[in-house]
Amino acid sequence: HFSRRPDTQLRFVTKFDAVEPLLSIPHNGRTRCRLSLNAEMISKRLEGGTSSLQKRMTALRRLALPVERDGGDYPIGVVLAPIMPLPGWQDMYGQMLDQLSHQLDFPCDLTFELITHRFTPGSKAVLTEWYPNTMLDMTEENRAVKRNKFGGSKYVYQPTQMKELKGYFEREIGSRFPAAKILYWT
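Conventions and cut-offs
Residues numbered from 1 in each chain as written. Predicted model: local features only at pLDDT ≥ 70, side-chain atom pairs only at ≥ 80, totals over all residues. Heavy atoms only, no water. pLDDT = per-residue confidence, 0-100. Helix = DSSP H or I, 4+ residues; strand = E, 2+ residues; numbered from the N terminus. Contact = heavy atoms within 4.5 Å. Pairing = 2+ DSSP bridges. Axes fitted to C-alpha atoms, helices over the stretch in contact; angles between N-to-C directions. Salt bridge = Lys/Arg side-chain N within 4 Å of Asp/Glu carboxyl O. Phe/Tyr/Trp six-rings, centres within 6.5 Å; stacked < 30°, edge-to-face > 60°. Buried < 20%, exposed > 50% of the residue type's maximum accessible area, 1.4 Å probe, protein only. Lys NZ or Arg CZ within 6 Å of the ring centre and 35° of its normal.

Participant: Looking at this structure, how should I read the confidence of the model for the protein chain?
Facilitator: Any region with low pLDDT has predicted coordinates that should not be read closely. Taken over all residues, the pLDDT of the protein chain has a mean of 91, while the share at 70 or more is 96%. Within the protein chain, strand β1 (residues 10-14) has the poorest average pLDDT of any element, 80, and helix α5 (residues 159-176) the best, 98.

Participant: Help me out: how do you make sense of the environment of Tyr157 in this one?
Facilitator: Inspection of the secondary structure puts Tyr157 in strand β6 (residues 153-157). For the pair Tyr157 and Leu104, spaced 53 residues apart in sequence, the C-alpha to C-alpha distance is 31 Å. With residues up to four places along the chain from it excluded, the contact list for Tyr157 reads Ile83, Met84, Pro85, Thr116, His117, Arg143, Ala144, Met162 and Leu165.

Participant: Is there a simple way to explain the sheet that holds strand β2 (residues 31-37) in this structure?
Facilitator: The strands making up a sheet associate through hydrogen bonds between their backbones, and the pairing can be parallel or antiparallel. Spatially, five strands are ordered β1-β2-β3-β4-β7 in an open sheet, and the strand pairing comes out parallel. In this open sheet, the two strands that pair with only one neighbour each are β1 and β7 (181-185). Put simply, the sheet's adjacent strands are angled 20 degrees from each other on average, direction ignored. Inspection of the sheet shows strand β3 (residues 76-83) paired to strand β4 (residues 110-116) by six bridges, in the parallel sense. When the sheet's bridge partners are listed, Val78 is paired in β4 with Phe112.

Participant: Sorry if this is basic, but what is going on with the pairing of strand β5 (residues 143-147) here?
Facilitator: A regular strand carries its side chains on alternate faces of the sheet. Two elements, β5 and β6, share five bridges in a ladder whose sense is antiparallel. Residue pairing in the sheet places Ala144 in a bridge with Val156 of β6. Hairpin geometry of β5 and β6 is characterised by an intervening segment of five residues between the two adjacent antiparallel strands and by a positive phi of about 95 degrees at Gly151.

Participant: Looking at this structure, how should I read unusual backbone geometry?
Facilitator: Backbone phi values are negative for most residues with the exception of glycine, while trans is the configuration of most peptide bonds. Look at the link from Ala81 to Pro82: it is a cis peptide, with omega at -10 degrees. Relative to the assigned elements, Pro82 resides in strand β3. Despite not being glycine, Asp70 has its phi angle at roughly 65 degrees, a positive value. Counting through the fold element by element, Asp70 comes out in the loop between α2 (53-64) and β3. A positive phi angle is found at Asp73, which is not glycine, with a value near 55 degrees. Relative to the elements of secondary structure, Asp73 occurs in the loop between α2 and β3.

Participant: Looking at this structure, how should I read the pattern of salt bridges?
Facilitator: Side chains carrying opposite charge are able to pair once their charged atoms draw close together. Scanning the model with the defined rule gives nine salt bridges in all. The salt bridge involving Glu40 is made with Lys44; its shortest N-O contact spans 3.7 Å. Residue Glu40 and its partner Lys44 are located together in helix α1 (residues 40-46), separated by four residues, close to a single helical turn. Between Asp98 and Arg176 there is a salt bridge, and its shortest N-O distance comes to 2.7 Å.

Participant: Explain the packing of aromatic side chains to me, please; I cannot follow it from the model alone.
Facilitator: Following the criterion strictly, the structure yields seven aromatic pairs and no others. With a centroid separation of 4.9 Å and 75 degrees between ring planes, the pair formed by Trp89 and Tyr168 is classed as edge-to-face. Taken together, the residues span a long stretch of sequence, with Trp89 in helix α3 (residues 89-103) and Tyr168 in helix α5 at a distance of 79 residues. Note on accessibility: Trp89 and Tyr168 belong to one class, buried. Note on Phe119 and Tyr155: the rings are 5.2 Å apart at their centroids and 20 degrees apart in plane angle, and the pair reads as stacked. With Phe119 in the loop between β4 and α4 (121-130) and Tyr155 in strand β6, this pair connects stretches of sequence that are 36 residues apart. Under the relative-accessibility criterion, Phe119 is labelled buried at 2%. The rings of Trp89, Tyr93, Tyr168, Phe169 and Trp185 are connected pair by pair, giving a single aromatic cluster. Here the guanidinium or amino end of Arg69 rests over the ring plane of Phe106, the centre of that ring lying 5.6 Å away.

Dropping the structure here:
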């Protein structure tokens, strides 16, 4: 048992599709179930050991479906991360959004959290030590440096690329999911 203020919502995120036990839990609309998704090629390349993209989308559908249609009637969310502008990215992400639109072909409470690929000097050191043959592009010269108020830094995509990515996702999500909310872009 845990307590919370009545006006707050519990949120969780997963990359797995084992949602069956959640479907019959009374939640009163106060739990948002979020699944982490990405373009198929990126998911296959970087998310080994997780449920397939298709299984996650089917799980998201089950969570959002009304109870009378054997669903959980949950508010749902998509955490799209890490967004990466690889060659053909518009087609890859467009296909993923089309698949999601096909799964969510009914009214539901849907949010998006959009997170581009970024890295810190520390995370780059760990990743290159653990995965010396990584294909992740962590070339600092190709990135912009973003500093925080504590003196730390992270490497993000260049401003023009960030603007292009953000515009694309706002436009494509808006056309497929007009009632959905984009909670943030980073």
